[in-house]
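Report on the structure
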Amino acid sequence: MGRLAQAQAAGLTTAVIQRFIARYGVDMSEAAEPDPAAYASFNAFFTRALKPGVRPLADADWICPVDGAISQIGAIEGGQIFQAKGHHYSATALVGGDAQLASQFSDGHFATIYLSPRDYHRIHMPCAGRLRRMIYVPGALFSVNPVTARGVPGLFARNERVVCVFDTAYGPMVLVLVGATIVGSMGTVWHGIVNPPRPGRIQEWRYDDQPVELAQGEEMGRFQLGSTVVMLWPASARLNFNPEWTHAAPVRLGQMMGRQAL
């Protein structure tokens, strides 16, 4: 599916894009390029840019990094992250088995946001940060829609994912891009496409000597064919989530996600 999404098939590509827009109700009026025929491939359409100004940034300590819907938000309790009724998974499993990294977020905070096919699929920074590590974790490619999240134990710690570790003014932050069924690939602005290749083992890149610094609201990565973002913060961040954020509520890039408690 990734190869098909990259194919440049002229009229056929345009027809597929038009069918997708109609099927999922994609709002092309927000796109920097609203003409479906202008996209050389399906992936070019899927990772389309937005018009300047259509996602203003709230005056908040943390902003929503994507368009999507809230899967779950809340406290990390004893190193466990809530997925759905009856299902939890460990922060250690999510970050690829690094218990020392995961321990920084014990009793901290998490947010999981699902991106549907109709959504804008670039990911932006919820707050300013300096990149320290990126970890590629191989895994399955289960669907990540709400039905699957309720039925597959440990879903987000089982699927293929890219774990990005940042230093921020509020302490460390982990931002995880989780793959899903027919996800062609995931990429970051500093690395480019991370997968493929898919080596079948954990890979890690460190950036201690490379100044990768991103401002709040700046693009940090993108999904080639949609999925989910999971974020972790330590207890010391004292994150108070937006009280309007509830399970399954739609959210948009730039909205207030939370403020630091006094």
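The following refers to the structure shown.

Calculation rules
- Residues numbered from 1 in each chain as written.
- Predicted model: local features only at pLDDT ≥ 70, side-chain atom pairs only at ≥ 80, totals over all residues.
- Heavy atoms only, no water.
- Core = buried A, V, L, I, M, F, W, Y, C linked by side-chain atoms within 4.5 Å.
- Buried < 20%, exposed > 50% of the residue type's maximum accessible area, 1.4 Å probe, protein only.
- Helix = DSSP H or I, 4+ residues; strand = E, 2+ residues; numbered from the N terminus.
- Expected span 1.5 Å × (residues − 1).
- Arc of directions from axis to C-beta.
- Phe/Tyr/Trp six-rings, centres within 6.5 Å; stacked < 30°, edge-to-face > 60°.
- Pairing = 2+ DSSP bridges.

Thoughts on the nonpolar core
Counting residues in each nonpolar core, the largest one holds 38 residues, and the members touching the most others are F166, W190, M220 and W233. Residue assignment for this core shows that the elements contributing at least two residues are β5 (109-114), β7 (129-137), β8 (161-168), β9 (171-178), β14 (219-223), β15 (228-233) and β16 (239-241). Counting 20 residues, the second-largest nonpolar core is a separate cluster that includes L101, F110, V165 and V178.

A closer look at helix α2 (residues 11-24)
Taking 1.5 Å as the rise per residue, α2 with 14 residues should run 20 Å; its terminal C-alpha atoms sit 20 Å apart, in good agreement. Among all positions of α2, only T13, T14, I17, F20 and I21 are buried. The buried residues of α2 all sit within an arc of 125 degrees when viewed along its axis, so they share a single face. Opposite the packed face of α2, turned more than 90 degrees from it, sit the exposed residues L12, R19, A22 and R23. Downstream of α2 by a residue or two, G25 has a phi angle that is positive, lying close to 70 degrees.

Considering the packing of aromatic side chains
Applying the stated criterion to the full structure yields twelve aromatic pairs. Taking 5.8 Å as the distance between ring centres and 80 degrees as the angle between the ring planes, the aromatic pair formed by F20 and F45 counts as edge-to-face. Residue F20 is located in helix α2, and its partner F45 is located in helix α3 (residues 42-46); the two are separated by 25 residues in the primary sequence. Using a relative accessible area of 14% as the deciding quantity, one classes F20 as buried.

Structural notes on the pairing of β7
Among the nine residues of β7, seven are classified as buried, and the element is accordingly described as predominantly covered. Of the pairings in the sheet, the one linking β7 to strand β12 (residues 203-206) comprises four bridges and is antiparallel in character. Directly across from M134, in β12, lies its bridge partner W205.

Interpretation in functional terms is not warranted from these geometric data alone.
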